[in-house]
Amino acid sequence: MQPYKIYAVKYAHHAPRPASLNFIGADPHEEGSPLDFFVWAVVGSDRTWVVDTGFNAETARRRERQIIRSPAAGLKAIGIDAAKVSDVIITHLHYDHVGTYDEFPAARFHLQDKEMQFATGRCMCHAPFRHAFEADHIVGMVRNVFAGRVCFHDGAEELAPGLFVHHVGGHTMGLQIVRVWTERGWVVLAADAAHLYENIEAVRPFPIVYHVGEMLEAFGTIRRLAASPRHIIPGHDPLVTQRYPAASRELEGAVVRLDVEPKA
């Protein structure tokens, strides 16, 4: 089984941000944590997988996020052409994880059955659930289904040797995480199962949630699937770009390697 390289590509930022937006039951006086927004590239010897597609500048403006570069531009900086990517894993259908799907015209999208059910079913009758979705993104993904470009998964599945998806739910009904074999062992891209290291390390669940119980159970699943706590990568923590080495000197703070040991 050949090990993969993994890159975290930072494309946007959100600050200031109160703690109440990151933790259920946060003290109103607690200092908040900013969020970074990433897409990830899992690079094998003969195939590259992209995990999530981020959002675009128009969405950033409406949702008051600070976009740094387009996700496609971030991938291009490490030699990946979004237009030629054959497979994209969509962890879930929130706006910041599927918002530039149209920039991957050659890709199949890998999605959990339950996530499409969630995003197109009765849960979207409720504003708190649909707030983090964009209707155009969901309609676009349904069109991709009819075009034969969506590969559905149900639970845990091996997509390729050393690359697995695992349904965990919690944050959304169909949230999936990604387990990757690397030279340092099994790395878990937790995506929004843990936005921040503190969500999982201090067992402080994130407030945008479909099922709190599933979110808490996901923390245990992530720990079991990762080789160690140092092999868990949260989905939005600015500490990721501080803890891991840059892909190159020019990409310091923008693209980091996750398949190598953290700096400290």
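Residues numbered from 1 in each chain as written. Predicted model: local features only at pLDDT ≥ 70, side-chain atom pairs only at ≥ 80, totals over all residues. Heavy atoms only, no water.

Peer 1: Quick question: what am I supposed to make of the packing of aromatic side chains here?
Peer 2: For any pair of aromatic rings, the description rests on two quantities: the centre-to-centre distance and the angle between the ring planes. Per the counting criterion, the structure on display carries eleven aromatic pairs. Judged by centre distance (5.6 Å) and plane angle (70 degrees), the ring pair of phenylalanine 118 and phenylalanine 133 falls under edge-to-face. Placement of the pair is phenylalanine 118 in helix H4 (residues 113-120) and phenylalanine 133 in the loop between helix H5 (127-130) and helix H6 (135-146), with a sequence separation of 15 residues. Like phenylalanine 118, the residue phenylalanine 133 is buried in the burial classification. Three or more aromatic residues joined by ring pairs make a cluster, and in this case those are Tyr11, Phe37, Phe55 and Tyr95. Here the basic side chain of arginine 179 rests over the ring of tryptophan 186, its NZ or CZ set 4.0 Å away from the ring centre. Its end group placed over the ring of phenylalanine 23, arginine 204 keeps NZ or CZ at 4.0 Å from the ring centre. (Phe/Tyr/Trp six-rings, centres within 6.5 Å; stacked < 30°, edge-to-face > 60°. Helix = DSSP H or I, 4+ residues; strand = E, 2+ residues; numbered from the N terminus. Buried < 20%, exposed > 50% of the residue type's maximum accessible area, 1.4 Å probe, protein only. Lys NZ or Arg CZ within 6 Å of the ring centre and 35° of its normal.)

Peer 1: Is there a simple way to think about the pattern of salt bridges in this case?
Peer 2: Two side chains carrying opposite charge are able to pair once their charged atoms lie near each other. Evaluation of the coordinates by the stated rule reveals twelve salt bridges. Put simply, Glu58, Arg61, Arg62, Arg63 and Glu134 are held in one network by salt bridges that share partners. (Salt bridge = Lys/Arg side-chain N within 4 Å of Asp/Glu carboxyl O.)

Peer 1: When you look at the sheet that holds strand E10 (residues 176-182) in this model, what are you seeing that I'm missing?
Peer 2: Strands in a sheet are paired, the pairing made by backbone hydrogen bonds, and the direction either parallel or antiparallel. What the five strands build is an open sheet, ordered E8-E9-E10-E11-E12; its pairing is mixed. Across the chains shown, the open sheet's two edge strands, defined by having one partner strand only, are strand E8 (157-160) and strand E12 (232-234). Strand after strand, the sheet turns through a mean of 25 degrees between neighbouring axes, direction not considered. Sheet topology note: the E10/strand E11 (residues 185-191) ladder contains five bridges and is antiparallel. Bridge pairing links tryptophan 181 to tryptophan 186 in E11. Across the face of the sheet, helix H8 (residues 212-225) comes into contact with strand E9 (163-167), E10, E11 and E12 while running at roughly 155 degrees to E11. (Pairing = 2+ DSSP bridges. Axes fitted to C-alpha atoms, helices over the stretch in contact; angles between N-to-C directions. Contact = heavy atoms within 4.5 Å.)

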